[in-house]
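Descriptive structure summary
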Amino acid sequence: MTKLKTQSLHKRESELAKANKQVEYLSNGIFADGELPTFAKKIKETSQFPLKPKKLEILQINVGYMCNQVCEHCHVDAGPDRKEIMTRETMTQCLEVIKNTGAHTLDLTGGAPEMNPDFRWFVEEASKAGIKDFIVRSNLTIIVANKKYHDLPEFFKKHNVHVVSSMPHWTKGKTDKQRGDGVFDASIEALKMLNDVGYGKPGSDLKLDLVYNPSGAFLPGDQEGLEKDFKKVLSEEFDIQFHNLFAITNLPISRFLDYLIASDNYEDYMYSLVEAFNPSAVSNVMCTNTLSVSWDGWLYDCDFNQMLELKVASKVKHISEYNEAILNDRNIIISQHCYGCTAGAGSSCQGAVA
Amino acid sequence: MSYYDPKDLRKFGNITDWSEELGTKFFDYYGKVFEEGALSAREKSLIALAVAHTEMCPYCIDAYTKDGLQRGITKEEMMEAVHVGAAIKSGASLVHGVMMMNKVNKLDG
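Residues numbered from 1 in each chain as written. Chains lettered and ligands numbered in written order. Predicted model: local features only at pLDDT ≥ 70, side-chain atom pairs only at ≥ 80, totals over all residues. Heavy atoms only, no water.

Under an unreviewed UniProt entry, the name given to chain B is Arsenosugar biosynthesis-associated peroxidase-like protein, and the organism recorded is Halomarinibacterium sedimenti.

As named in an unreviewed UniProt entry, chain A is Arsenosugar biosynthesis radical SAM protein ArsS, taken from Halomarinibacterium sedimenti.

See the structure below:
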């Protein structure tokens, strides 16, 4: 049985639950007094300002912030107490876009997307659109949380869904510390269920990838090295197989920002991000090929900008008025959190980019 | 106020300001040492952590604890590495006891 770690910032009525307070915090202090360069200043140095989109490849849809977990570092501030859920009406608007988009990847995220009551209907309808890569970001524990979710591996298989799941470490202690007591054991059980229907096997078309994000105030190490370690331990100790590991940097927003401030790590962490700035990661950063749709249909440059309520700088701002050509002509909205995607080998929902 | 300021570690690169050639050579060498080789970068990180403790260098301890976490090295592995350093350090003291024994045997044997 998994035990929840905490409540969402929203439930706790924390100041940092407000997006504008987060943006304000990231613009003040060391960035306001010039101790560290703002992200805009930094990318001006390499003539990469303003950041512009390239060809749209990934449409990422957040179907709601409700989740069965309350992970310590969640950038969505997701949890069971979040009631923001995409309606079937908005899903229908999304489906129109999915049928006509030039994007090759559809990426469903949350919260736990499976908790949306219309999730299965949406997957069934979206899978008819012939999108090349159809991703569902599953937190794993949802599969074993309740009997009604036990058949999810079969359901994913039926619709040829590419499963991408979070796994912060191959040890129980580190995983449970970040994601709640019992999460590691439940995740292992769910991974076995996915393996049992064919997910993650070498050569299998049923893709199962894991996402690693650090459990504390440090950056992820080399993705390839981490993947090797994950594969070794998960295979030897649990007989579990998966395809790729995506190493993702924690961005200093929402609950992770709250954690950085509370643990007196904020300044050091921002220094680490700025020092690790990699100009070649900027040209491949995910907002240049992704559009993010929120539960209520608004459009954002990425899931992080969605959480900071920074809507796209375009006259088209909502899925109901979607126009790919107009959207592709926008400037991407940036702030200091963007350093998280350009540090070291870069970071995106698909892992390293440089 | 300690003589050591954790923020000084951020200024380590400034060493090149007053002797660019030597500073640059040092950092090139340093970077090369920690690349994957006959030993993995992960193994080198643990060696560095152990030596950081025997040298009692606060900057190095900060740096290689963080480096270890980034590489997914567990706290149990890190503590074992520190014990390796401590064992060599205490062994190095204790093995000199043989000199004391030699002297006692010579003078009073």
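Once the structure has been displayed, the description carries forward.
Thoughts on helix α10 (residues 254-262) of chain A
Residue and element names in this part refer to chain A. Taken together, the buried positions of α10 are occupied by Ser254, Arg255, Phe256, Leu257, Tyr259 and Leu260. Residues of α10 that are buried make contact with α1 (19-27) and α11 (266-275). Once α10 ends, the next one or two residues include Asp264, with phi positive near 60°. (Buried < 20%, exposed > 50% of the residue type's maximum accessible area, 1.4 Å probe, protein only. Helix = DSSP H or I, 4+ residues; strand = E, 2+ residues; numbered from the N terminus. Contact = heavy atoms within 4.5 Å.)

Describing the interface of chain A and chain B
At the junction of the two partners, chain A supplies 17 residues and chain B supplies 10 residues. In total, about 1,000 Å² of surface goes out of reach between chain A and chain B, with carbon and sulfur atoms giving 48% of it. Where chain A meets chain B, there are 2 salt bridges. Residue Arg42 of chain B is joined to Asp229 of chain A by a salt bridge in which the shortest nitrogen-to-oxygen separation is 3.3 Å. Along the contact surface separating chain A from chain B lie 6 residue pairs in polar contact (both at pLDDT 80 or more). Put simply, the parts of the chain that give the side of chain A that touches chain B at least two residues each are α9 (223-238) and α11 of chain A. In terms of residue count, α11 of chain A provides more of the side of chain A that touches chain B than any other element does, 5 residues in total. (Buried area = accessible area lost by both parts, 1.4 Å probe. Salt bridge = Lys/Arg side-chain N within 4 Å of Asp/Glu carboxyl O. Polar contact = N/O pair within 3.5 Å; in protein donor to acceptor, adjacent residues only side chain to side chain.)

Examining the layout of surface pockets
Within this model, the second largest pocket holds a volume of roughly 550 Å³. For the lining of the second largest pocket, the secondary structure elements donating two or more residues are α9 of chain A together with α2 (41-54) of chain B. Of the residues forming the lining of the second largest pocket, the biggest block, 9 residues, is contributed by α9 of chain A. Taken together, the residues of the lining of the second largest pocket sort by class into 4 nonpolar, 4 polar and 11 charged. (1 Å grid on protein atoms, 1.4 Å probe; cavity = no way out; pocket = protein on both sides within 12 Å on 5 of 7 lines; lining within 4 Å. Points joined across faces, edges and corners; volume = space filled by probe spheres on them. Nonpolar A, V, L, I, M, F, W, Y, C, P; charged D, E, K, R; others polar.)

Side note on unusual backbone geometry
Residues and elements named next belong to chain A. The peptide bond linking Phe49 to Pro50 adopts the cis configuration, its omega dihedral lying at -5°. Tracing the backbone through its elements, the reader meets Pro50 in the loop between α2 (39-45) and β1 (58-62). Here Gly110 and Gly111 are connected by a cis peptide whose omega angle stands at 20°. By the secondary structure assignment, Gly111 is in the loop between β2 (105-109) and α4 (119-126).

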